[in-house]
Every structure is written in C-alpha cells, then in structure tokens.
Amino acid sequence: MQSFTSITTLLLLSFLQVILAGPISFVPELVQLGTRQTTTTVSCAEYSMDSNYTVIGTNSTYRAAFIQASPAGTDPTTSILDTATKKFMDANMMMDKALNAECGNLSALAMKEAPVNFTNGIVGPFTIKKASAGTRVGSGLGSVVVVATMVGAALWL
Ligand SMILES: *[C@@H]1O[C@H](CO)[C@@H](O)[C@H](O)[C@H]1NC(C)=O
Ligand SMILES: *[C@@H]1O[C@H](CO)[C@@H](O)[C@H](O)[C@H]1NC(C)=O
Ligand SMILES: *[C@@H]1O[C@H](CO)[C@@H](O)[C@H](O)[C@H]1NC(C)=O
Ligand SMILES: *[C@@H]1O[C@H](CO)[C@@H](O)[C@H](O)[C@H]1NC(C)=O
C-alpha cells in the first residue's frame with residue numbers, strides 16, 4: 001500500500017513537471033516558427049507553378065491559347081490562372097529575396113521560357129499546333145489551332 005502511494009505521488013509529480021515545463025520549452029520553437037513565417041511561406045514548387053501561370057495568365061496570347069487548350073473548360077481554367085496570379089502578386093514572389101535565393105529566380109525563368117515554349121507550340125503543359133496559313137481563319141485564335149494533349153495536364157489542373 002505504501003509503495004503504491006509513493007508511485008502515485010511520483011507519477012503525479014512527473015505529470016506536474018511535464019505540465020509546468022511544457023509551455024516553457026516550447027516558447028523558443030514558437031518564436032522561431034513566427035520568424036520563419038514572416039519571411040517565406042511559399043514552397044519552390046508553388047513559386048514555380050505560380051510564376052508559370054502568371055506569365056501565361058497575363059499575356060493575352062498565351063492566356064487565350066491556354067484557355068482554349070485546357071480540358072477543364074473556360075471558367076475553371078480562368079480561375080486557376082487568376083488565382084495563381086493573385087497569389088504571385090500578393091506574396092510579391094518575384095521580389096522576395098529569400099524565396100529567390102532558395103529557389104532561384106523562377107519568375108525570370110518563366111518569362112524566359114514561356115516564349116520559347118510558345119515558339120515550339122507549347123503553352124504550359126499543353127501542346128498547340130500552328131495551322132498552315134488560311135485554315136481555321138475566324139476561329140478565336142486566328143490561324144492557331146489548339147490541340148490539347150492531356151500529358152501533364154493532371155499536374156497543372
Ligand atoms: C515552369 O516553367 C519552367 C520553365 O519552362 C519549368 O522548368 C518548370 O518545371 C515549370 N513549373 C511547373 C510547375 O510546371
Ligand atoms: C527576378 O527576376 C526578375 C526579372 O528579371 C527581376 O525583376 C527581379 O528583380 C528578380 N528578383 C530578385 C529577387 O532578384
Ligand atoms: C505576349 O506573348 C507574345 C508571344 O510570345 C509576344 O509577342 C507579346 O509581346 C507578349 N505580350 C506582352 C504584353 O508581353
Ligand atoms: C514549358 O514547357 C514545358 C513542357 O515542355 C512545361 O513543363 C513548362 O511548364 C513550360 N514552361 C512555361 C513557363 O510555360
């Protein structure tokens with residue numbers, strides 16, 4: 001009986017210790033977390049995706065081709081582009097020094113690669129095909145016939 005009581009007391013004491021010590025030992029971690037969150041909350045993967053969508057979404061030529069090629073339909077596709085652009089702008093990703101140091105300047109990469117892709121008949125994950133002159137005149141994209149390929153679409157949409 002005596003030893004049972006001591007064990008109970010010991011357990012209670014260690015519980016108290018945990019409760020008392022707990023909050024104190026967590027304080028530095030919380031402070032660290034707070035500091036980290038004020039600098040960067042954006043992952044490189046998200047920065048990459050939002051950069052690419054922003055470049056496509058803010059250029060009327062790329063935007064029209066992307067919406068045309070997307071199997072998701074106009075409204076959902078428009079929303080994807082505009083949501084990414086808003087995130088990109090709100091977080092000021094292009095100018096965020098920490099983010100660009102960590103990931104490389106993915107805004108510059110997107111601006112450089114989007115025209116290269118377009119020249120090669122690619123917008124984002126979609127392959128578009130330039131039609132020969134004279135065909136499909138009067139379509140929304142003039143002489144550009146857009147053929148969506150599903151390859152990679154799941155990653156984007
Ligand atoms: C964005 O575009 C760059 C340049 O083409 C490419 O390397 C990167 O994989 C793209 N990011 C995503 C998420 O598709
Ligand atoms: C990233 O590149 C863009 C375009 O070249 C540039 O305007 C911007 O200042 C660069 N960002 C950083 C953090 O250097
Ligand atoms: C949009 O992209 C097209 C095709 O690369 C380019 O000719 C045009 O100058 C771009 N427009 C803007 C506003 O950057
Ligand atoms: C360029 O095309 C590749 C596919 O060939 C794609 O993964 C990448 O995201 C595209 N980059 C941009 C900026 O659209």
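Remember, predicted model here, so these are calculated numbers, not experimental data.

A. Seen up close, the overall build of the chain. Broken down by element type, the chain carries seven helices and four strands. Shown N-terminal to C-terminal, the secondary structure of the chain runs as helices and strands in the order α-α-α-α-α-α-β-β-β-β-α. Looking at the chain as a whole, 28% of its 157 residues are labelled buried. Summarising the internal contacts of the chain: among those between residues at least 6 apart in sequence, 65% fall at separations of at least 24.

B. Highlighting the packing of helix α2 (residues 44-58) against helix α6 (residues 106-119). Where α2 contacts α6, the axes come no closer than 9 Å and their chain directions differ by 40°. With respect to α6, the element α2 is oriented oblique. Taken as a pair, α2 and α6 cross one another with a handedness that is right-handed. Counted together, Cys44, Tyr47, Ser48, Ser51, Asn52 and Val55 of α2 and Leu106, Ser107, Ala110, Met111 and Ala114 of α6 form the full contact between these two elements.

C. Here's a closer look at the environment of Ser107. Examined against the element boundaries, Ser107 turns out to sit in helix α6. Ser107 gets classed as buried once you look at its relative accessible area, which sits at 2%. For the pair Ser107 and Phe88, spaced 19 residues apart in sequence, the C-alpha separation works out to 9.5 Å. If we skip the residues at most four places from it in the chain, Ser107 touches Tyr47, Ser51, Phe88 and Met94.

D. Local environment of α6. The first and last C-alpha atoms of α6 sit 20 Å apart over 14 residues, in line with the 20 Å expected at 1.5 Å per residue. Most pronounced at Glu113, the bend in α6 amounts to some 25°, and the proline Pro115 follows within four residues. Of the residues flanking the end of α6, it is Gly121, one or two places downstream, whose phi is positive at about 80°.

E. Quick look at the layout of surface pockets. Roughly 200 Å³ of volume is contained in the largest pocket. Forming the boundary of the largest pocket are 16 residues, of which Asn52, Ala110, Glu113, Ala114 and Asn117 lie nearest the centre. Residue assignment for the lining of the largest pocket shows that the elements contributing at least two residues are α2, α6 and β1 (122-123). Among the elements that take part in the lining of the largest pocket, α6 stands out by supplying seven residues, more than any other.

F. Fine view of the pattern of salt bridges. The final tally for this structure, using the stated rule, is four salt bridges. In this structure, Lys86 engages Asp90 in a salt bridge whose closest nitrogen and oxygen atoms are separated by 2.6 Å. With Lys86 and Asp90 both in helix α4 (residues 74-90) and four residues apart, the pair spans about one turn of that helix. You'll find Lys86 and Asp90 in the same group, each marked exposed. Where Lys112 meets Glu113, a salt bridge forms, and the shortest distance between an N and an O atom there is 3.1 Å. A relative accessible area of 29% places Glu113 in the partly exposed class.

G. View of the packing of aromatic side chains. Following the criterion strictly, the structure yields three aromatic pairs and no others. An angle of 55° between the planes, with centres 5.2 Å apart, marks the rings of Phe66 and Phe126 as tilted. One end of the pair, Phe66, is in helix α3 (residues 60-69); the other, Phe126, is in strand β2 (residues 126-127), with 60 residues separating them in the sequence. Using a relative accessible area of 0% as the deciding quantity, one classes Phe66 as buried. Note on Phe126: relative accessible area 0%, which makes it buried.

Analysis parameters
Residues numbered from 1 in each chain as written. Chains lettered and ligands numbered in written order. Predicted model: local features only at pLDDT ≥ 70, side-chain atom pairs only at ≥ 80, totals over all residues. Heavy atoms only, no water. Helix = DSSP H or I, 4+ residues; strand = E, 2+ residues; numbered from the N terminus. Buried < 20%, exposed > 50% of the residue type's maximum accessible area, 1.4 Å probe, protein only. Contact = heavy atoms within 4.5 Å. Axes fitted to C-alpha atoms, helices over the stretch in contact; angles between N-to-C directions. Parallel < 35°, antiparallel > 145°, perpendicular 65-115°, else oblique. Left-handed = near helix turned anticlockwise from the far one by under 90°. Expected span 1.5 Å × (residues − 1). Bend = angle between axes of the 7 residues up to and from the residue. 1 Å grid on protein atoms, 1.4 Å probe; cavity = no way out; pocket = protein on both sides within 12 Å on 5 of 7 lines; lining within 4 Å. Points joined across faces, edges and corners; volume = space filled by probe spheres on them. Salt bridge = Lys/Arg side-chain N within 4 Å of Asp/Glu carboxyl O. Phe/Tyr/Trp six-rings, centres within 6.5 Å; stacked < 30°, edge-to-face > 60°.

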